[in-house]
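Survey of secondary and tertiary structure
Here are the chains, one letter per residue:
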Amino acid sequence: MVALLVRNKAHTLPYFLSYLEDLDYPKDRMSLWIRSDHNEDRSIEITKAWLKRTSSLYHSVDFKYRSEQAKRESERTSTHWNEERFSDVIRLKQDALQTARMMWADYIFFIDADVFLTNSNTLRKLIDRKLPIVAPMLVSDGLYSNFWCGMTPDYYYQRTDDYKKILNYDQIGQWQVPMVHTAVLVSLTIAQTRQLTFERKNLPSGRYDGPVDDIIIFAMSANYSGIPMYVCNELLYGYIMVPLEAGETVPGKDMEQLTNVLSYIVNEYGAFSLKQDLSRFVPDVPKDTLALTHIYMINLERRSERRTKMLKHFDLLGLDVEHFPAVDGKKLSDKKVYDMGIRFLPGYADPFHKRPMTMGEIGCFLSHYNIWERMVRLNQQEVLVLEDDIRFEPFFRRRAYGVLADARRIGGWDLIYLGRKRLQEEDEKWIDGSEYLVKAGYSYWTLGYVITLEGAKKLLREQPLGKLLPVDEYLPIMFDNHPNESWTSHFRDRTLSAWSAAPLLLYPTHYTGDEGYISDTEDSLRIDGTLPAVGMASKAGLGMVNNDTRDAAQTQPTEPKKGDKEQLPNAPALLSESGIGQGEHDLETKNRRSEL
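In short, a report on the structure. Just so it is clear, the structure is predicted and the values come from calculations on it, not from any experiment.

1. A closer look at the sheet that holds strand β20 (residues 443-452)
With mixed pairing, the seven strands of this open sheet are ordered in space as β15-β14-β16-β20-β18-β21-β19. Across the chains shown, the open sheet's two edge strands, defined by having one partner strand only, are β15 (322-325) and β19 (437-439). The average angle at which neighbouring strand axes cross in this sheet is 35°, direction not considered. As paired elements, strand β14 (residues 294-299) and β15 share four bridges and run parallel to each other. Across the sheet, the residue bridging to M297 is H323, located in β15. Against the sheet, helix α14 (residues 471-478) makes contact with β18 (415-422) and β20, and its axis sits at roughly 60° relative to β20, the strand it touches most.

This is the structure we're talking about:
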């Protein structure tokens, strides 16, 4: 039996129900038990619409709802959890547990309506574990998940080192923990589980003096009955929304969280599940250019799969972006490059592989160069340039507006990196008066940057096609923060003012060596020796480049990826939100299986 409570989940229900329907488990062996009340949105309408099409597929459906007043008289807001609300939830969950027992169900699966089980094998995998109580570990847009590794003497969440190890997949398997919630499978064929309860009165007399809280009482009933709880992280099972705090709203914070989670799903799977009859309940996101003049995405015509994925991100984030066809290195030849007037920087060799430029790197430079030229031609004042192999950090829009507001208020910048790879170990100086910007040091990657019209003019004035080197070497030279003085000496006006968002707002979808990693700049022909550098002739031979990039020596970015606040139920203290202020909490996610 699947037990589901629904309240004010119209924004998540279309996706939740789509993934629930996708579960690879015989529907005629599944009973649905659904309760809904005190809604201020279309939750009941959406649930009815889905059940109209699917109810005949399931063994049975028990759906009851109340459509009267939006919230209880004792509730200040729909996110206010008082004792009356907890008592109602406890009563409903206990009713679900008793119903499952009476129908002789082998299992009951408690799940909330803001969980997205993207792994269709979730139920089968959990059942195969043969554990009395097990939860699939779920990933959020921060440190929040559906398990605790520690509990205080007064029954609240306690932070432990093991929590991050499990969450980050540093240790993989089934782990006994004191608390699981939100998505929990209980085996009713095990005799001890008959002692499980959500009601305080059913606990052993005199043993519990904690709060009226459904998940805590259930966990303690398992503890008192000697029934272990487990969380399983053998697979990426799915995603979870962070519960709203008092004062946070669905149109505000929760919609941002939903965007974050759906963005993760697109990164991981290329698309999200949304049944056609439920798509009508998902409103279109209005699009804009983040108050910039224009946004370009550089993409090779033959990389349609990347373009499709990025378009899904733009739809989610509400970004109005123009596809800018990249110059394809595979279509370049020595003669074409020479006829375009391109010459190469004397003495240039890739710092890691000691090789000349590849045709892909030439195509990459020309793609960015063509955008700079178009900016000048069209008099575009501020432009965001994106590449097509990026993932957006949580709360991207809000954080991007914060970065741009700071930059415009302070002034004096030509370029702002939103994504890059730092190559200097020393700390970068904060821009005076800014919470989100630092002065950029020597950096690689052109994943995404905002550039002004004056910045584009500076980059063009040096006529870089006559002394070419890769674009992510050219930019640090132009803001005069490059370690190779023999290269920088060829460029006179190195006055580009370059800043960087801190923390970064963009990261690559794949790093060197990752499954699915592809580099169109590195996996291409090198330039032939017949192409001379300025004032000299090169004798490098023609050959193929191995599948490494210049980041091969550093398999992870120097900057740790950032996470949102560690916000767990009943945690006594909350950390500041991701990207808000310089003292934010860092989440190292280098071993996460998902693209977080």
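2. Looking at the pairing of strand β3 (residues 60-65)
Pairing geometry for strand β2 (residues 31-36) and β3, over six bridges, is parallel. Considered in β3, the bridge of S36 is made with Y65. Chirality of the crossover, the property in question, places the unit of β2, helix α2 (residues 43-54) and β3 among those that are right-handed.

3. Looking at the nonpolar core
F16, I108, F116, I133, F147, V180 and V186 are the most contacted members of the largest nonpolar core, which totals 100 residues. The element best represented in this core is helix α6 (residues 214-224), accounting for eight residues. Core analysis: the next-biggest nonpolar cluster, separate from the first, contains 43 residues, F324, M359, F365 and Y369 among them.

4. Brief notes about the pattern of salt bridges
Oppositely charged side chains can form a pair if their charged atoms are brought close together. Applying the stated criterion to the full structure yields 32 salt bridges. For D277, the salt bridge is made with R53, and the minimal N-O distance between the two is 2.8 Å. In this pair, D277 is assigned in helix α8 (residues 276-279) and R53 in helix α2, connecting sequence segments 224 residues apart. Judged by relative accessible area, which is 22%, D277 ranks as partly exposed. Each of E21, R53 and D277 takes part in salt bridges that share partners, so that together they form one network.

5. Comments concerning the pairing of strand β4 (residues 107-112)
Alignment of strand β1 (residues 2-6) against β4, held across four bridges, turns out to be parallel. Counterpart to A3 in the pairing with β4 is F110. Sheet analysis places β4 next to strand β11 (residues 183-187), joined by five bridges and oriented antiparallel. Residue pairing in the sheet places F109 in a bridge with L185 of β11.

6. Considering the sheet that holds strand β13 (residues 238-240)
Strand order in the open sheet formed by three strands is β5-β13-β7, with mixed pairing between adjacent strands. With one partner strand each, in any of the chains shown, β5 (115-116) and β7 (138-139) form the two edges of the open sheet. Relative to β13, β7 runs parallel, the two being bridged by two bridges. Across the sheet, residue L138 finds its bridge partner in β13, namely G238. Sheet strands touched by helix α7 (residues 250-269): β5 and β13. Its angle to β13, the strand with the most contacts, is close to 170°.

7. Some remarks on the environment of K335
Locating K335 in the fold gives a position in helix α10 (residues 334-339). Under the relative-accessibility criterion, K335 is labelled exposed at 60%. A polar atom in the side chain of K335 sits 2.7 Å from the side chain of D339.

8. Looking at the packing of helix α11 (residues 359-378) against α14
Running from N to C, α11 and α14 point in directions that differ by 50°, and their axes come no closer than 9 Å. Compared by their axis directions, α11 and α14 come out oblique. Along its contact with α11, which presents C364, F365, H368 and W372, the element α14 presents V471, Y474 and L475. In the contact of α11 with α14, the residues fall into six nonpolar, one polar and no charged.

9. So, empty space enclosed by the protein
Inspection of every chain in the model, using the stated rule, returns three cavities of 30 Å³ or more. There is about 150 Å³ of room inside the largest cavity. Around the largest cavity, the lining comprises 17 residues; the ones closest to its centre are K93, F110, T182, V184 and F198. Secondary-structure elements contributing two or more residues to the lining of the largest cavity are β1, α3 (83-102), β4, β11 and α6. A class-by-class count of the residues in the lining of the largest cavity yields 13 nonpolar, two polar and two charged.

10. A closer look at α14
Judged by how many residues are buried, α14 sits mostly within the fold: eight of eight residues are covered. By the burial criterion, the buried members of α14 are V471, D472, E473, Y474, L475, P476, I477 and M478. Here the buried face of α14 lies against α11, β18, β20, α13 (453-461) and α15 (485-488). Phi for D480, located one or two positions after α14, is positive at around 55°.

11. Looking at unusual backbone geometry
Of note, the bond from A502 into P503 is cis; its omega dihedral lies within 30 degrees of zero at 5°. When you line up the elements, P503 lands in the loop between β21 (498-501) and β22 (506-508). Even without glycine at this site, N8 takes up a positive phi of about 55°. Mapped onto the fold, N8 is located in the loop between β1 and α1 (13-22). Phi at W445 takes a positive value of approximately 80°, unusual for a residue other than glycine. Take W445: it is sitting in strand β20.

Reading the values: rules and limits
Residues numbered from 1 in each chain as written. Predicted model: local features only at pLDDT ≥ 70, side-chain atom pairs only at ≥ 80, totals over all residues. Heavy atoms only, no water. Pairing = 2+ DSSP bridges. Helix = DSSP H or I, 4+ residues; strand = E, 2+ residues; numbered from the N terminus. Axes fitted to C-alpha atoms, helices over the stretch in contact; angles between N-to-C directions. Contact = heavy atoms within 4.5 Å. Right-handed = clockwise from strand over helix to strand, strands pointing away. Core = buried A, V, L, I, M, F, W, Y, C linked by side-chain atoms within 4.5 Å. Buried < 20%, exposed > 50% of the residue type's maximum accessible area, 1.4 Å probe, protein only. Salt bridge = Lys/Arg side-chain N within 4 Å of Asp/Glu carboxyl O. Polar contact = N/O pair within 3.5 Å; in protein donor to acceptor, adjacent residues only side chain to side chain. Parallel < 35°, antiparallel > 145°, perpendicular 65-115°, else oblique. Nonpolar A, V, L, I, M, F, W, Y, C, P; charged D, E, K, R; others polar. 1 Å grid on protein atoms, 1.4 Å probe; cavity = no way out; pocket = protein on both sides within 12 Å on 5 of 7 lines; lining within 4 Å. Points joined across faces, edges and corners; volume = space filled by probe spheres on them.

Geometric values such as these leave the question of function open.
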